[in-house]
Amino acid sequence: VSICSVFTGSQDVVTCISQAADSIGLEGVPTFEVLKYNPYDWIKRTQESFDPVEVTKGLWIVPEWKSPPDLQATNIILNPGLAFGTGEHATTKLCLLLLHDSIKGGEQVLDYGTGSGILSIAALKLGATLSVGVDIDPQAMTAASQNAILNNIGPDRLKLHLVPDRDLSTTGVKMKADPQEEKFVTEGAFTNKNSFDIVVANILLRPLLELADDIVSHAKDGGLVGLSGILSEQVPQVIDRYSESLDNISVSELDDWAVVSGTKKRSFPINGVNPRRDFSPHHLEADVQGQHQNGDMPQ
């Protein structure tokens with residue numbers, strides 16, 4: 001597996017890669033090479049590498065700079081910027097397929113770790129009435145709000161929530177958004193418990209395990225919870241962790257990656273907080289530190 005990530009000149013690449021490797025259980029720092037490009041060349045190279053992606057019949061992810069192959073299809077227009085989520089990675093496709101098969105119309109959806117906003121936007125285009133995207137990265141807020149505008153989705157239907165994290169290097173970073181983009185975003189702790197018909201979290205194994213109670217707590221009783229960003233070999237750990245809170249657990253796989261889904265047990269506490277596993281957004285730091293900037297590798 002080869003991963004290409006974008007870093008600013010001031011970032012410590014070794015530390016970022018070490019944290020990303022640790023977050024998925026790798027021992028030591030993988031071999032890597034640092035190449036320097038000016039911003040224009042990198043953006044051009046990145047754009048040239050993206051083509052429209054047909055997720056399933058009638059559902060396409062189309063880069064902003066390309067023309068939709070099927071004008072009659074559900075087309076999600078996307079410019080990921082520096083945020084996670086282009087639709088090319090298997091975990092994104094798995095989550096999109098889960099939404100495609102689950103949304104019947106009128107649902108409220110939580111995208112836990114929204115990145116580019118691709119899942120939130122897809123949910124709305126598939127028939128949900130409200131999507132809420134939560135992330136710790138200001139760049140995700142910018143990318144997701146811009147993508148909402150590209151898809152003619154307003155802040156009445158897509159709401160973005162920037163969760164503060166005192167432990168990240170982004171502490172104190174403010175969004176640089178125009179007034180239209182800022183209408184989508186709220187900052188502060190996210191406490192909407194027992195509120196969503198569907199909760200999808202496409203992040204990494206470690207935060208999925210450590211934030212399990214918080215992730216599930218946002219779903220309504222009987223609501224669908226989808227968990228991805230994991231390798232097929234990591235599925236047993238996720239099932240073991242979530243078996244106390246989810247019923248009807250199932251697994252879908254694609255190219256050695258997986259999505260685990262289930263429905264929230266009615267016996268699961270409404271506040272969803274286990275005293276040993278309080279919500280702490282810094283567990284998502286790999287989402288910002290390197291992998292999140294890759295464009296489509298799970299956080």
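Source: prediction; values computed, not measured.

Conventions and cut-offs
Residues numbered from 1 in each chain as written. Predicted model: local features only at pLDDT ≥ 70, side-chain atom pairs only at ≥ 80, totals over all residues. Heavy atoms only, no water. Helix = DSSP H or I, 4+ residues; strand = E, 2+ residues; numbered from the N terminus. Contact = heavy atoms within 4.5 Å. Areas by Shrake-Rupley, 256 points an atom, 1.4 Å probe, with all protein chains shown as cover. Pairing = 2+ DSSP bridges. Buried < 20%, exposed > 50% of the residue type's maximum accessible area, 1.4 Å probe, protein only. Axes fitted to C-alpha atoms, helices over the stretch in contact; angles between N-to-C directions. Patch = residues over 30% accessible without salt bridge, like charges linked within 9 Å, V, L, I, M, F, W, Y side chains within 5 Å. Salt bridge = Lys/Arg side-chain N within 4 Å of Asp/Glu carboxyl O. Lys, Arg positive; Asp, Glu negative; His and termini not counted. Charge placed at Lys NZ, Arg CZ, Asp CG, Glu CD. Polar contact = N/O pair within 3.5 Å; in protein donor to acceptor, adjacent residues only side chain to side chain. Arc of directions from axis to C-beta. Core = buried A, V, L, I, M, F, W, Y, C linked by side-chain atoms within 4.5 Å. Parallel < 35°, antiparallel > 145°, perpendicular 65-115°, else oblique. Left-handed = near helix turned anticlockwise from the far one by under 90°.

Visitor: Please provide a residue-by-residue account of the overall build of the protein, values included.
Guide: In terms of helices and strands, the protein carries nine helices and 11 strands. Looking at the protein alone, contacts between residues at least 24 apart form 67% of all its contacts between residues at least 6 apart. Of the roughly 13700 Å² of accessible surface on the protein, 49% is carried by carbon and sulfur atoms.

Visitor: Tell me about the pairing of strand β9 (residues 219–231), and please be specific about residues and values.
Guide: Looking along a regular strand, one sees side chains alternate from face to face of the sheet. For strand β8 (residues 196–202) and β9, the ladder comprises six bridges, and the chain directions are parallel. Considered in β9, the bridge of V200 is made with G226. Where β9 lies against strand β11 (residues 257–264), seven bridges are found, and the strand directions are antiparallel. Residue pairing across strands places I230 opposite A258, the latter belonging to β11.

Visitor: Break down unusual backbone geometry for me, citing the residues and quoting the values.
Guide: A positive phi angle, close to 50°, is found at D255, a residue other than glycine. Tracing the backbone shows D255 in the loop between β10 (246–254) and β11. Of the residues examined, D255 reaches a relative accessible area of 60% and is grouped as exposed.

Visitor: Pulling in residues and values, what's your account of the sheet that holds strand β1 (residues 53–56)?
Guide: Across a sheet, strands are paired by hydrogen bonds formed along the backbone, either parallel or antiparallel in direction. A sheet is described by the order of its strands in space; here three strands give the open sequence β1-β2-β3, paired in mixed fashion. Either end of the sheet is taken by a strand with one partner, and the two such strands are β1 and β3 (74–78). Neighbour-to-neighbour, the strand axes of this sheet turn through a mean angle of 25°, independent of strand direction. Packing against the sheet, helix α3 (residues 90–102) makes contact with β1 and β2 (59–63), and its axis sits at approximately 45° to β1.

Visitor: Tell me about a negative patch on the surface, residues and numbers included.
Guide: A cluster of acidic residues, E233, E253, D255 and D256, forms a negative patch at the surface. Residue placement: D256 occurs in the loop between β10 and β11.

Visitor: Could you give an account of a nonpolar patch on the surface, naming the residues involved and the relevant values?
Guide: A contiguous nonpolar patch, built from V14, V29, F32 and V34 and spanning about 320 Å² of accessible area, is present on the exposed surface. One can find V29 in the loop between α1 (13–23) and α2 (39–49).

Visitor: I'd like a rundown of the side chain of R241, residues and numbers included.
Guide: Relative to the elements of secondary structure, R241 occurs in helix α9 (residues 235–242). Within the structure, the side chain of R241 is placed 3.1 Å from the backbone oxygen of L209, a separation counted as a polar contact.

Visitor: Could you give an account of α9, naming the residues involved and the relevant values?
Guide: Those residues of α9 that fall on the buried side of the exposure criterion are V235, V238, R241 and Y242. Buried residues of α9, seen end-on, are gathered within an arc of 130° and therefore sit on one face of the element. Among the exposed residues of α9, those oriented more than 90 degrees off its buried face are P236 and D240. Tucked into the core, α9 has its buried residues touching α7 (205–210), α8 (212–217), β9, β10 and β11.

Visitor: Could you give an account of the nonpolar core, naming the residues involved and the relevant values?
Guide: One finds I61 and L158 to be the most contacted residues of the largest nonpolar core, which totals 35 residues. Membership of the second largest hydrophobic core comes to 29 residues, among which are Y112, F190, V216 and F268.

Visitor: Quick one: what's the story with the pattern of salt bridges, residue by residue and with numbers?
Guide: Per the stated rule, a full pass over the model turns up six salt bridges. Between K220 and D197 there is a salt bridge whose closest N-O contact spans 3.3 Å. Linking K220 in strand β9 with D197 in strand β8, this pair joins segments that are 23 residues apart in sequence. A relative accessible area of 25% means that D197 is categorised as partly exposed. R241 is paired through a salt bridge with D213; the nearest N and O atoms lie 3.4 Å apart. With a gap of 28 residues between them, R241 in helix α9 and D213 in helix α8 connect regions that are remote in the sequence. Take R241: its relative accessible area is 8%, and that puts it in the buried class.

Visitor: I'd like to hear about the packing of α3 against helix α4 (residues 118–125), residue by residue, with values.
Guide: Orientation of α3 relative to α4, taken along the N-to-C sense of each, is 25°, at an axis distance of 10 Å. One way to sum up the angle between α3 and α4 is to call them roughly parallel. Seen along the crossing, α3 lies across α4 with a hand that is right-handed. The residues of α4 that touch α3, namely those facing T92, C95, L96 and L99, are I118, L119, A122 and A123.

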